Amino acid sequence: MPGTLVAMPGVLPEGETVPVDGSLPATALSAVGARGFGVYVHVPFCASRCGYCDFNTYTAAELGGGADRESYADTVLAELALAARVLGDTPPPRVDTVFVGGGTPTLLPADDLARILDGIDRTWGLAADAEVTTEANPESVTPQSLRTLRAAGYTRISLGMQSAAPGVLAILDRRHSAGRAVGAALEARDAGFDHVNLDLIYGTPGESAADFAASLDQVVAAGVDHVSAYALIVEDGTRLAARMRRGELPYPSDDVAADRYLAAEAALGAAGFSWYEVSNWARSEAARCRHNLLYWTGADWWGLGPGAHSHVGGVRWWNVKHPTAYAKRLAAGESPGLAREVLTAGEAHMEDVMLRLRLASGLPLDALDPAGRAGAERALADGLLDPAGHAAGRAVLTLRGRLLADAVVRDLLP
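Residues numbered from 1 in each chain as written. Predicted model: local features only at pLDDT ≥ 70, side-chain atom pairs only at ≥ 80, totals over all residues. Heavy atoms only, no water.

What counts is decided by this rule: UniProt positions are given in the numbering used here, feature names are shortened, and annotations may be inferred rather than shown by experiment.
In the annotation of an unreviewed UniProt entry, the protein is listed under the name Heme chaperone HemW and assigned to Micromonospora purpureochromogenes. As its UniProt record puts it under Sequence similarities (unreviewed entry), the protein is described as follows: "Belongs to the anaerobic coproporphyrinogen-III oxidase family. HemW subfamily." As its UniProt record puts it under Function (unreviewed entry), the protein is described as follows: "Probably acts as a heme chaperone, transferring heme to an unknown acceptor. Binds one molecule of heme per monomer, possibly covalently. Binds 1 [4Fe-4S] cluster. The cluster is coordinated with 3 cysteines and an exchangeable S-adenosyl-L-methionine."

The following block contains the structure:
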């Protein structure tokens, strides 16, 4: 399917042990930030758990000591200090983007989010035009908190709307009312945010075509300049998965999801949005999420917070998952890194193909081996790649190709 909901995963992969001091190989430090450098901050707190969610998030009732919201900003700043020691004499030339995700970052006081951003600036320096994003649930912000965040340097906000249909929100266990996301988007604009994104989920059981059309209408009417739309994925271990196993709800339909994606492309295109990644549309190039583009183009970033992933110079690592374990390691002066992996040339190539092909700019054909170029020829003949892009030396998905992006990727890889 064209898009899947992505965030900090609840299940971490395996890898080699991270040194206690978090040190990195000299090869990884040789050109930090040469392709851009970002900072991700994971805030694991949620007021309640949504039925579809398997992200690394926790309600107050699920957390023990050492992981309270009141001290969380200080804990993140402790990891930031460790990161500064690890990079030492090879810091990035600047921080191009900051993205605070979750969970619900705006459950932290706005002043704490401001302190974290100030710490990043003091540590490595924010670029003059840095993009600084926070995610938020619509019910977790107020006009005053939004003004505080904007004054602190946040330039972009991503609001979890998911749907405008009350019945769909109920199935997803979302707490906000159907109109609150639009209201929060308008408040963010009034507070001076440069860019405002609304997230949608489509393909929820019980969602009708009219429900999704109404959601798209509200997004357009809200005047936002960025929209993310993801097909619902049912993850094992969630309440939604349990309800489906019991037969209370039907499983999502791939055909319905494809219809919803086509509806999103039509409605957003008519309203002046253009796709720049399979699941993301923006009104202008300036409105594109630069932080995600760092991920998709293989740049470096440091992830702060429990379960957060980082990537520097071909080394990828991830922190311990639980907030209490994360806080205890930092209190002991140790890296919270759980494990890491050094990407081989083959793994890096595979990820580059998988991610760049999803971009509207496409993938250079000369990045493919002969078998991959032959696969591109087949995809072109099948109408999955754009002829003009191909003639210019790039593999660029057509609309039909976006619906079958995973299959195209398989055809381009060994």
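### With respect to the confidence of the model for the protein
The criterion, for reference: Scored from 0 to 100, pLDDT reflects the predictor's confidence in each residue. Any two residues having at least one pair of non-hydrogen atoms within 4.5 Å are treated as being in contact.
Mean pLDDT over the protein works out to 92, with 93% of the residues at or above the 70 mark. Of the regions scoring below 50 in pLDDT, residues 3–10 engages in 34 contacts with residues more than four places distant in sequence or in other chains.

### Observations regarding the environment of Leu 87
Counted only if it meets this: A helix here means a DSSP run of H or I that spans at least four residues, while a strand means a run of E at least two residues long, and both kinds are numbered starting from the N terminus.
Within the secondary structure, Leu 87 sits in helix 2 (residues 69–87). Through-space distance from the C-alpha of Leu 87 to that of Leu 24 is 8.1 Å; in sequence the pair is 63 residues apart.

### Re the packing of aromatic side chains
Two measures describe an aromatic ring pair: the distance that separates the ring centres and the angle between the ring planes. We apply this condition: Ring pairs shown here join Phe, Tyr and Trp side chains whose ring centres sit within 6.5 Å, with only the six-membered ring taken for Trp; geometry is labelled stacked below 30 degrees between planes, edge-to-face above 60, and tilted in between.
Applying the stated criterion across every chain yields a total of nine aromatic pairs. For the ring pair Tyr 40 and Phe 99, a centre distance of 6.3 Å and an interplane angle of 20° mean the geometry is stacked. Remark: Phe 99 occurs in strand 3 (residues 95–102) and Tyr 40 occurs in strand 2 (residues 37–43); sequence separation between them is 59 residues. Taken together through their ring pairs, the aromatic side chains of Phe 37, Trp 124, Trp 302 and Trp 317 make up a single cluster.

### Examining the packing of helix 13 (residues 370–381) against helix 16 (residues 405–412)
What counts here: Helix axes use the C-alpha atoms of the stretch in contact, all axes being lines fitted to C-alpha atoms, and the angles between their N-to-C directions lie in the range 0 to 180 degrees.
Between helix 13 and helix 16, the shortest axis-to-axis distance is 7 Å and the interhelical angle comes to 140°. Between helix 13 and helix 16, the contacting residues are Ala 371, Gly 372, Gly 375, Ala 376, Arg 378 and Ala 379 on the first element and Val 408, Asp 411 and Leu 412 on the second.

### Looking at the side chain of Arg 316
Our working rule: For each residue, the accessible area found with a 1.4 Å probe, counting protein chains only, is set against the maximum for its type, and the residue is called buried under 20%, exposed over 50%, and partly exposed in between. Under this definition, polar contacts are N or O atom pairs within 3.5 Å; protein pairs additionally need one hydrogen-donor-capable and one acceptor-capable atom, and for neighbouring residues in sequence, both atoms have to be side-chain atoms.
As for its position among the elements, Arg 316 is in strand 12 (residues 315–319). Overall, the relative accessible area of 16% leaves Arg 316 in the buried class. Among the polar contacts listed, one links the side chain of Arg 316 to the side chain of Glu 341, at a separation of 2.7 Å. A distance of 2.8 Å separates the side chain of Arg 316 from the side chain of Glu 351, its partner in a polar contact.

### Here's the deal with helix 2
Convention followed: Here, expected helix span is obtained from the residue count minus one, scaled by 1.5 Å.
Taking 1.5 Å per residue, 19 residues should reach 27 Å; helix 2 reaches 28 Å between its end C-alpha atoms and fits that length. Along helix 2, the positions that sit buried rather than exposed are Tyr 72, Ala 73, Thr 75, Val 76, Glu 79, Leu 80, Leu 82, Ala 83, Val 86 and Leu 87. In this structure, the buried side of helix 2 is in contact with helix 1 (26–29), strand 2, helix 3 (110–124), strand 10 (300–304), strand 12 and helix 11 (323–331). Following helix 2 by one or two positions, Gly 88 adopts a phi angle in the positive range, close to 45°.

### Remarks on the nonpolar core
Selection criterion: In this description, a nonpolar core means a group of buried Ala, Val, Leu, Ile, Met, Phe, Trp, Tyr and Cys residues linked to one another through side-chain atoms lying within 4.5 Å.
Among the nonpolar cores identified, the biggest contains 95 residues, and Leu 24, Val 39, Trp 124, Phe 193, Leu 198, Val 224 and Trp 302 are the most heavily contacted of them. No other element matches the eight residues that helix 2 contributes to this core. Contact partners of Val 224, with chain neighbours within four places excluded, come to Ala 185, Arg 189, Val 196, Leu 198, Val 219, Phe 273 and Arg 283. Judged by nonpolar contacts, the second largest core, of ten residues, contains Tyr 40, Ala 287, Trp 301 and Ala 308.

### Some remarks on the pairing of strand 8 (residues 274–277)
Note the cut-off: What makes two strands pair is DSSP finding at least two bridges between them.
Taken together, the three bridges between strand 8 and strand 9 (residues 280–282) define a ladder with antiparallel strand orientation. Across the sheet, the residue bridging to Ser 274 is Ala 282, located in strand 9. Between strand 8 and strand 9, which pair antiparallel in sequence order, lie two residues.

### A word on the pattern of salt bridges
To keep things clear, this is the line we draw: Whenever a carboxyl oxygen of Asp or Glu lies within 4 Å of a side-chain nitrogen of Lys or Arg, that contact is scored as a salt bridge.
This model, assessed by the stated rule, comprises 17 salt bridges. Among the ionic pairs, Arg 316 bridges to Glu 351, the shortest N-O distance being 2.8 Å. Of the two residues, Arg 316 sits in strand 12 while Glu 351 sits in helix 12 (residues 345–356), which places them 35 residues apart along the sequence. The class of Glu 351 is partly exposed, set by a relative accessible area of 23%. With its nearest N and O atoms 2.7 Å apart, the salt bridge here joins Arg 356 to Asp 352.

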